[in-house]
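Observations on chain architecture
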Amino acid sequence: AFIALSGVSIAGVTTEVVLNKSTIINLKKPIERVSIAKQEIADVLVISPEQLQINGLALGSTTMIVWEKGEKPAFFDVKVIPDINEIEARIKVIAPDDDVTVKYANEHILLSGTVANEQMINKIIAMASAYAKEGTGIKTTRFSAGLTETVETPEFKVLNNIRLKEAQQVML
């Protein structure tokens, strides 16, 4: 992906980068300095005096500030997102006859469409969870034989709007 910017100060430009991929930002004036807040989320390389490369390292968001020569700093909201095309391709492999779409919003994978049965919904959610950012987790406390055990199960940010296909009736 390429983003071209003029030499004016810009506040909070949203820039999405796919996890484990890169995007290029073209600037009008030479870069004097660049800073990224969370280097574990994304890193930035100066490719040429007017060009930056942002690499997506982990799901999440961070802020990048770019100082162009003679300009005010430009602020970027860098969001590293999962590869939606890859998720949809993998869904097609496990559910070739079903119609499922994938979107990403606010650190959640959104699944929608229709499938033939409940088992397929569960398979698709499990597969999409592998691409989702882990949430806070669900704590379960078990009591057995006088002992207390607390188990935390990770919660993945996958929202399921998949529905079952309507059953078709055959007239005899």
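Residues numbered from 1 in each chain as written. Predicted model: local features only at pLDDT ≥ 70, side-chain atom pairs only at ≥ 80, totals over all residues. Heavy atoms only, no water.

1. Brief notes about the environment of Val 44
Topologically, Val 44 is positioned in strand β5 (residues 42-48). Taking the C-alpha atoms as reference, Val 44 lies 9.4 Å from Ser 22; in sequence the two are 22 residues apart. Once residues within four sequence positions are removed from consideration, Val 44 is found in contact with Val 34, Ile 36, Leu 52, Gln 53, Ile 54 and Met 64. (Helix = DSSP H or I, 4+ residues; strand = E, 2+ residues; numbered from the N terminus. Contact = heavy atoms within 4.5 Å.)

2. Quick notes on the pattern of salt bridges
Counted by the stated rule, this structure contains five salt bridges. Across the salt bridge formed by Lys 157 and Glu 107, the nearest N and O atoms sit 3.4 Å from each other. Here the residue Lys 157 occupies a position in the loop between β12 (147-153) and β13 (158-164), and Glu 107 occupies one in the loop between β9 (99-105) and β10 (108-115), the gap between them amounting to 50 residues. Overall, Lys 157 belongs to the partly exposed group, its relative accessible area being 23%. For Glu 107, a relative accessible area of 21% translates into the label partly exposed. (Salt bridge = Lys/Arg side-chain N within 4 Å of Asp/Glu carboxyl O. Buried < 20%, exposed > 50% of the residue type's maximum accessible area, 1.4 Å probe, protein only.)

3. Thoughts on the sheet that holds β10
Pairing in this open sheet of three strands is mixed, and the strands run β9-β10-β13 from one edge to the other. Edge positions in the open sheet fall to β9 and β13, since each of these has one partner strand only. The average undirected angle you get between the axes of adjacent strands in this sheet is 10°. Bridge count between β9 and β10: seven bridges; the pairing is antiparallel. Paired with Tyr 104 across the strands is Ile 109, a residue of β10. (Pairing = 2+ DSSP bridges. Axes fitted to C-alpha atoms, helices over the stretch in contact; angles between N-to-C directions.)

4. A short note on the sheet that holds strand β8 (residues 74-81)
Strand pairing in a sheet relies on backbone hydrogen bonds, with the paired strands running either antiparallel or parallel. As summarised here, the arrangement of the four strands in space is β2-β8-β7-β4, forming an open sheet in which the pairing is mixed. Of all strands in the sheet, those with a lone pairing partner are β2 (13-18) and β4 (31-36), marking the two edges. Averaged over all pairs of adjacent strands, the angle between their axes in this sheet comes to 25°, without regard to strand direction.

5. Remarks on the nonpolar core
Formed by 20 residues in total, the largest nonpolar core has its most connected members in Ile 87, Ile 91, Ile 109, Leu 111 and Ile 124. Elements with a contribution of two residues or more to this core: α1 (84-94), β9, β10, α2 (118-129) and β13. Those residues within four positions of Ile 109 in sequence are excluded, and the remaining contacts are Pro 82, Ile 87, Val 102, Lys 103, Tyr 104, Ala 128, Tyr 131, Ala 132, Lys 157, Val 158 and Leu 159. (Core = buried A, V, L, I, M, F, W, Y, C linked by side-chain atoms within 4.5 Å.)

6. Some details on α2
Along an α-helix, a turn takes 3.6 residues, which lines up residues three or four apart on a common side. Taking 1.5 Å of rise per residue, twelve residues should cover 16 Å, and α2 covers 17 Å from first to last C-alpha, within 8% of that figure. Residues of α2 that are buried include every one of Met 120, Ile 121, Ile 124, Met 127, Ala 128 and Ser 129, and no others. For α2, the secondary structure elements touched by its buried residues are α1, β9, β10 and β13. Measuring from the backbone nitrogen of Gln 119 back to the side-chain oxygen at the start of α2 gives 3.2 Å, which picks out Asn 117 as the cap. (Expected span 1.5 Å × (residues − 1). Polar contact = N/O pair within 3.5 Å; in protein donor to acceptor, adjacent residues only side chain to side chain.)

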